[in-house]
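Coordinate inspection notes
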Amino acid sequence: MAIKKINTAVLISGRGSNLKNLIFFSKKKNSPIIIKLVISDNSRAKGLIYAKKNFIKFKVIKNKDRKIFENKIKNELLHNKIKFICLAGFMKILSKNFVNKFKNKIINIHPSLLPKYKGLNTHEKVLKNKDKFSGCTVHFVNENLDSGKIILQKKIKVLKNDNLASLKKKVLMIEHKVYPKAIIKILK
Ligand code: GRF
């Protein structure tokens, strides 16, 4: 019997390579999610193309007032009966009020071995500090930046000849493996 997939929304702000990867994953028979909605806070987000190409409903939601912004997102999520939310390069921090409405239902991927290097420019920091390892982390989202409970983490070695471009590429490649695995881990 086919499993009932969980209605999922992906929130993006930019390139959307993780969105593309999650759409691919969601179409697999054993995937626990079906992507019903893509929300971007940026009308020029390149990633919107993947929603269009795959005939997934998408919305651009922008507002300078955080409360109004989050209310609009919340209404859209409820309207589409969304039960699970994946942040994928979404550049806004969600409030406690919003996060609590979807408790343990919002997850995010971050390009570092959290709790190391929350926020932006993680690869620059890894190189500057001559770290031996980097990687990525999938975690539950709370109201603090990149701080919720860790679901899954994957390490890679930083090689002597790695530079910003090579490190970004290597970490992104493992992000695309780890995000689906983390989803399976918590939903199956
Ligand atoms: C990824 O590195 C992700 O870990 C971080 O933002 C980047 C988004 O990339 N949160 P993309 O838009 O999915 O290509």
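Source: prediction; values computed, not measured. (Residues numbered from 1 in each chain as written. Predicted model: local features only at pLDDT ≥ 70, side-chain atom pairs only at ≥ 80, totals over all residues. Heavy atoms only, no water.)

Quick look at the nonpolar core now. Counting 34 residues, the largest nonpolar core has Ile 107, Tyr 179 and Ile 183 as its most contacted members. With seven residues, the single largest contributor to this core is helix 6 (residues 164-187). Setting aside its immediate chain neighbours within four residues, Ile 183 contacts Leu 22, Phe 25, Pro 32, Ile 33, Phe 84, Cys 86, Ile 107 and Lys 188. Counting residues in hydrophobic clusters, the runner-up holds 18 residues, among them Ile 39, Phe 69, Phe 98 and Val 99. (Core = buried A, V, L, I, M, F, W, Y, C linked by side-chain atoms within 4.5 Å. Buried < 20%, exposed > 50% of the residue type's maximum accessible area, 1.4 Å probe, protein only. Helix = DSSP H or I, 4+ residues; strand = E, 2+ residues; numbered from the N terminus. Contact = heavy atoms within 4.5 Å.)

Taken together, Arg 15, Gly 16, Ser 17, Asn 18, Gly 89, Ile 109, His 110, Pro 111 and Glu 175 form the complete shell of residues around the ligand. In this structure, an oxygen atom belonging to the ligand sits 2.7 Å away from a main-chain N or O atom of Gly 16. Take Ile 109: an N or O atom from its main chain is 2.9 Å from a nitrogen atom of the ligand. The protein chains hide 84% of the 360 Å² of surface that the ligand would expose on its own. When each cavity is represented as a set of grid points, the ligand is found to reside in the largest pocket. Put simply, the parts of the chain that give the shell around the ligand at least two residues each are helix 1 (17-26) and strand 5 (106-110). Among the residues forming the shell around the ligand, the class breakdown is two nonpolar, five polar and two charged. (Near = heavy atom within 4 Å. Polar contact = N/O pair within 3.5 Å; in protein donor to acceptor, adjacent residues only side chain to side chain. Areas by Shrake-Rupley, 256 points an atom, 1.4 Å probe, with all protein chains shown as cover. 1 Å grid on protein atoms, 1.4 Å probe; cavity = no way out; pocket = protein on both sides within 12 Å on 5 of 7 lines; lining within 4 Å. Sits in = over half its atoms within 2 Å of the grid points. Nonpolar A, V, L, I, M, F, W, Y, C, P; charged D, E, K, R; others polar.)

Turning to helix 3 (residues 66-79), a few remarks are in order. In this model, helix 3 (14 residues) spans 20 Å end to end at C-alpha, consistent with the 20 Å of a helix rising 1.5 Å per residue. Along helix 3, the positions that sit buried rather than exposed are Phe 69, Glu 70, Ile 73, Lys 74, Glu 76 and Leu 77. Each buried residue of helix 3 lies within a common arc of 165° when the element is viewed along its axis, so the set occupies one face. When the buried face of helix 3 is taken as reference, the exposed residues oriented beyond 90 degrees from it are Lys 67, Leu 78 and His 79. Residue Asp 65 occupies the N-cap position of helix 3, its side-chain oxygen lying 2.8 Å from the main-chain nitrogen of Lys 67. Just beyond helix 3, the residue with positive phi is Lys 81, at close to 55°. (Expected span 1.5 Å × (residues − 1). Arc of directions from axis to C-beta.)

This next bit is on the layout of surface pockets. In this structure, the largest pocket spans a volume of roughly 970 Å³. What lines the largest pocket is a set of 35 residues, and nearest its centre among them are Gly 89, Phe 90, Met 91, Pro 111 and Leu 120. When contributions to the lining of the largest pocket are tallied by element, the ones reaching two or more residues are helix 1, strand 5, helix 5 (122-128) and helix 6. Broken down by element, the residue count for the lining of the largest pocket peaks at five residues, all from helix 6. (Points joined across faces, edges and corners; volume = space filled by probe spheres on them.)

Structurally, His 139 can be placed in strand 6 (residues 133-140). Residue classification places His 139 among the buried residues on the basis of a relative accessible area of 2%. The sequence separation of His 139 and Lys 149 amounts to 10 residues, and the corresponding C-alpha distance is 5.5 Å. In this view, His 139 contacts Ile 106, Ile 107, Asn 108, His 110, Leu 114, Asp 146, Ser 147, Gly 148, Lys 149, Ile 150 and Ile 151; residues no more than four positions away in its chain are not counted.

Quick look at unusual backbone geometry now. Apart from glycine, the bulk of residues carry a negative phi angle, and the bulk of peptide bonds sit in the trans form. In this model, Leu 114 is joined to Pro 115 through a cis peptide bond whose omega is 10°. Not every positive phi belongs to a glycine, and Asn 121 is a case in point at roughly 55°. Note on placement: Asn 121 falls in the loop between strand 5 and helix 5.

The mixed open sheet is built from seven strands, whose spatial order is 3-2-1-4-5-6-7. The sheet terminates laterally at strand 3 (57-60) and strand 7 (150-157), the two strands that pair on one side only. Strand-to-strand twist of the sheet, defined as the mean angle between neighbouring strand axes without regard to direction, takes the value 20°. Pairing of strand 5 with strand 6, which is carried by four bridges, proceeds in the antiparallel orientation. Paired with Asn 108 across the bridge in strand 6 is His 139. Against the sheet, helix 1 engages strand 1 (6-12), strand 2 (33-40), strand 4 (84-87) and strand 5, with an angle of about 160° to strand 2. Seen against the sheet, helix 3 touches strand 1, strand 2, strand 3 and strand 4 and runs at an angle of roughly 155° to strand 2. (Pairing = 2+ DSSP bridges. Axes fitted to C-alpha atoms, helices over the stretch in contact; angles between N-to-C directions.)

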